[in-house]
Amino acid sequence: MPKSKLVTIFGGSGFVGRYIARRMAQQGWRVRVAVRRPGEAGFVRPYGAVGQVEPVFCNIRDDASVEVAMQGSDAVVNCVGTFAAKGKNNFDAVQAEGAGRIARIAAAQGVANLVHISALGADAQADSGYARSKGEGEAAVQAAFPGAVILRPSVIFGYEDNFFNRFGQMASRAPVVPVIGAETKFQPVWVDDVAAAAVQGVLGQAVGGIYELGGPEVKTFRDWMKEMFGVIQRRRGVLALPFWVGSVIAGAVGLVESLTFGLVTNTVLTKDQVKQLKVDNVVSEGALGFADLGIEPVAPEAVLPDYMWTYRPSGQYAAIKDSAQNLKV
């Protein structure tokens, strides 16, 4: 009996990576999940049969570590990304140099297919360090592995997301939700749709190139918040803050982080995120996308109620409460 094929997913326990790992296990492939902390990635094992999905250690800043993690792979997926501008695992180390390292070693080892998860707005000339490093990473990937499938998703939503969940939590606690870049446009994409696109790349069913992935709806940041408020059944207002205010907030929080030597981590807002919020996050006209992969993206309204109910006033009992109000005495 022929041995099943092997895919190594760098960052395979992350938000996007875990969905790709699950789908590849369903395809019958052996899945190697390469992460910095394999002890915390044990939850991926049940995605397949015993021994089918295995977490392994890897530091993508080190050639030898990547070589060992990738050894014997038929395909490779790179899902590693970061929002850290400083430290060892910063934008350049992870999203530019790390991406290029994975692609270079994949080519050297004769890997058949490479899928690289980038981001919409990736641009080597961008003012944002995040977007710039993503653009440089794409260039490094294409230089080393010309046939790579590069996916640029817009803001990704799903059960573990840090977009709707973050603002849903804020809305459950305050009457007004502050937003930087209220008129900036977004095209949120469901995480499992991104995973489906990645699987096509792994299986060699997608032509090499850059694919921009966005959901079926484009709305402003303000309007996405209003839709989310409706899902969580809360009457809330959006406080649109100008970019300069965002820069002041980011600077203040960043200063606190520096003064405490990192003991207080900035999870609120960074200066780089303010720069990103100045640019619409939507699919470019004429770009390759879901249609070219034969995938019909799912709209947020079809998925948000499945996990945003936790922020409703009645939580999981909201539907029961609504039904009870319709009963006639």
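Residues numbered from 1 in each chain as written. Predicted model: local features only at pLDDT ≥ 70, side-chain atom pairs only at ≥ 80, totals over all residues. Heavy atoms only, no water.

We now examine the overall build of the protein. Broken down by element type, the protein carries 12 helices and 13 strands. In terms of overall dimensions, the protein is globule-like: its C-alpha atoms have a radius of gyration of 21 Å, near the 20 Å expected for 329 residues. Counting only C-alpha atoms, the protein reaches 65 × 55 × 45 Å along its principal axes. A buried classification covers 48% of the 329 residues belonging to the protein. Sequence separation of 24 or more characterises 75% of the internal contacts of the protein that already satisfy a separation of 6 or more. Per element, the accessible surface of the protein, about 15900 Å² overall, is 54% carbon and sulfur. Considering the protein, the positive charge centre built from 33 side chains and the negative charge centre built from 30 side chains are found 7 Å apart. (Helix = DSSP H or I, 4+ residues; strand = E, 2+ residues; numbered from the N terminus. Rg over C-alpha atoms; globule rule 2.2 N^0.38 Å. Buried < 20%, exposed > 50% of the residue type's maximum accessible area, 1.4 Å probe, protein only. Contact = heavy atoms within 4.5 Å. Areas by Shrake-Rupley, 256 points an atom, 1.4 Å probe, with all protein chains shown as cover. Lys, Arg positive; Asp, Glu negative; His and termini not counted. Charge placed at Lys NZ, Arg CZ, Asp CG, Glu CD.)

Another point: the sheet that holds strand 3 (residues 53-57). Across the sheet, 7 strands lie side by side as 3-2-1-4-5-6-11; this open sheet has parallel pairing. The open sheet has two edge strands, strand 3 and strand 11 (209-213), and neither has a second partner. Going across the sheet, the axis of each strand differs from the next one's by a mean of 20°, ignoring polarity. Here helix 6 (residues 191-202) sits on the sheet in contact with strand 1 (6-10), strand 4 (75-78), strand 5 (113-117), strand 6 (149-153) and strand 11, set at roughly 155° to strand 5. (Pairing = 2+ DSSP bridges. Axes fitted to C-alpha atoms, helices over the stretch in contact; angles between N-to-C directions.)

Contact geometry of helix 5 (residues 164-171) with helix 7 (residues 221-231) gives a least axis separation of 10 Å together with a crossing angle of 65°. Where helix 5 crosses over helix 7, the two elements pack in a sense that is right-handed. Mapping the contact onto sequence places Phe164, Phe167, Gly168 and Ala171 in helix 5 and Phe221, Trp224, Met225, Met228 and Phe229 in helix 7. (Left-handed = near helix turned anticlockwise from the far one by under 90°.)

Right, let's talk about the packing of aromatic side chains for a bit. Ring pairs (aromatic) are described by centroid distance and by the angle formed between their planes. For the structure on display, the rule yields 12 aromatic pairs. Taking the centre distance of 4.8 Å and the plane angle of 70° together, the rings of Phe163 and Phe164 count as edge-to-face. We note that Phe163, like Phe164, is buried. Where Phe163 meets Phe167, the ring centres are 6.0 Å apart and the plane angle is 75°; that geometry is what we call edge-to-face. In this pair, the class of Phe163 matches that of Phe167, namely buried. Counting every residue linked through ring pairs, the aromatic cluster contains Phe157, Phe163, Phe164, Phe167, Phe186, Phe221 and Trp224. The lysine or arginine in question, Arg22, covers the ring of Tyr47, its NZ or CZ lying 4.4 Å from the ring centre. (Phe/Tyr/Trp six-rings, centres within 6.5 Å; stacked < 30°, edge-to-face > 60°. Lys NZ or Arg CZ within 6 Å of the ring centre and 35° of its normal.)

The next point concerns the side chain of Gln200. Position of Gln200 relative to the elements: it lies in helix 6. With relative accessibility at 15%, the residue Gln200 sits in the buried group. Setting aside anything within four residues of it in sequence, one finds Gln200 in contact with Gln205, Ala206, Leu293 and Ile295.

Below, the discussion takes up the state of the cysteines. Working definition: the covalent bond between the sulfur atoms of two cysteines is a disulfide. Inspection of the entire model under this criterion finds 0 disulfides. With no disulfide of its own, Cys58 has Cys79 as its nearest cysteine by sulfur position, at a separation of 13 Å. (Disulfide = S-S within 2.5 Å.)

Here we come to a positive patch on the surface. Together, Arg36, Arg37, Arg61 and Lys88 make up a region of like positive charge exposed at the surface. With respect to the helices and strands, the residue Lys88 is situated in the loop between strand 4 and helix 3 (91-108). (Patch = residues over 30% accessible without salt bridge, like charges linked within 9 Å, V, L, I, M, F, W, Y side chains within 5 Å. Salt bridge = Lys/Arg side-chain N within 4 Å of Asp/Glu carboxyl O.)

As a further point, take the nonpolar core. Counting 67 residues, the largest nonpolar core has Val7, Ile20, Val31, Leu151, Phe164 and Met308 as its most contacted members. Tallying contributions element by element places helix 6 first for this core, with 8 residues. Excluding anything up to four places from it in sequence, Leu151 contacts Val115, His116, Ile117, Ser118, Ala119, Val194, Ala197, Ala198, Tyr211 and Leu213. Within the second largest apolar cluster, 21 residues are counted, among which are Phe10, Ala69, Ile102 and Leu114. (Core = buried A, V, L, I, M, F, W, Y, C linked by side-chain atoms within 4.5 Å.)

Our next topic: the environment of Asp280. Within the secondary structure, Asp280 sits in the loop between helix 9 (271-276) and helix 10 (290-293). The spacing of Asp280 and Thr220 is 60 residues in sequence and 8.7 Å in space, taken between C-alpha atoms. Setting aside its immediate chain neighbours within four residues, Asp280 contacts Glu183, Thr184 and Lys185. Looking at Asp280, its side chain comes within polar contact range of the main-chain nitrogen of Lys185, at 2.9 Å. (Polar contact = N/O pair within 3.5 Å; in protein donor to acceptor, adjacent residues only side chain to side chain.)

What follows deals with the environment of Val231. Among the secondary structure elements, Val231 is positioned in helix 7. Separated by 205 residues in the primary sequence, Val231 and Gln26 have C-alpha atoms spaced 32 Å apart. The contacts of Val231, once residues within four sequence positions are left out, are Leu304, Pro305, Met308 and Arg312.

Throughout the structure, instances matching the rule amount to 11 salt bridges. A salt bridge links Asp192 to Arg23; its shortest N-O distance comes to 3.0 Å. Placement of Asp192 in helix 6 and of Arg23 in helix 1 (residues 17-26) is noted, with a sequence separation of 169 residues between them. On the basis of relative accessible area, Asp192 is assigned to the buried category, the value being 15%.

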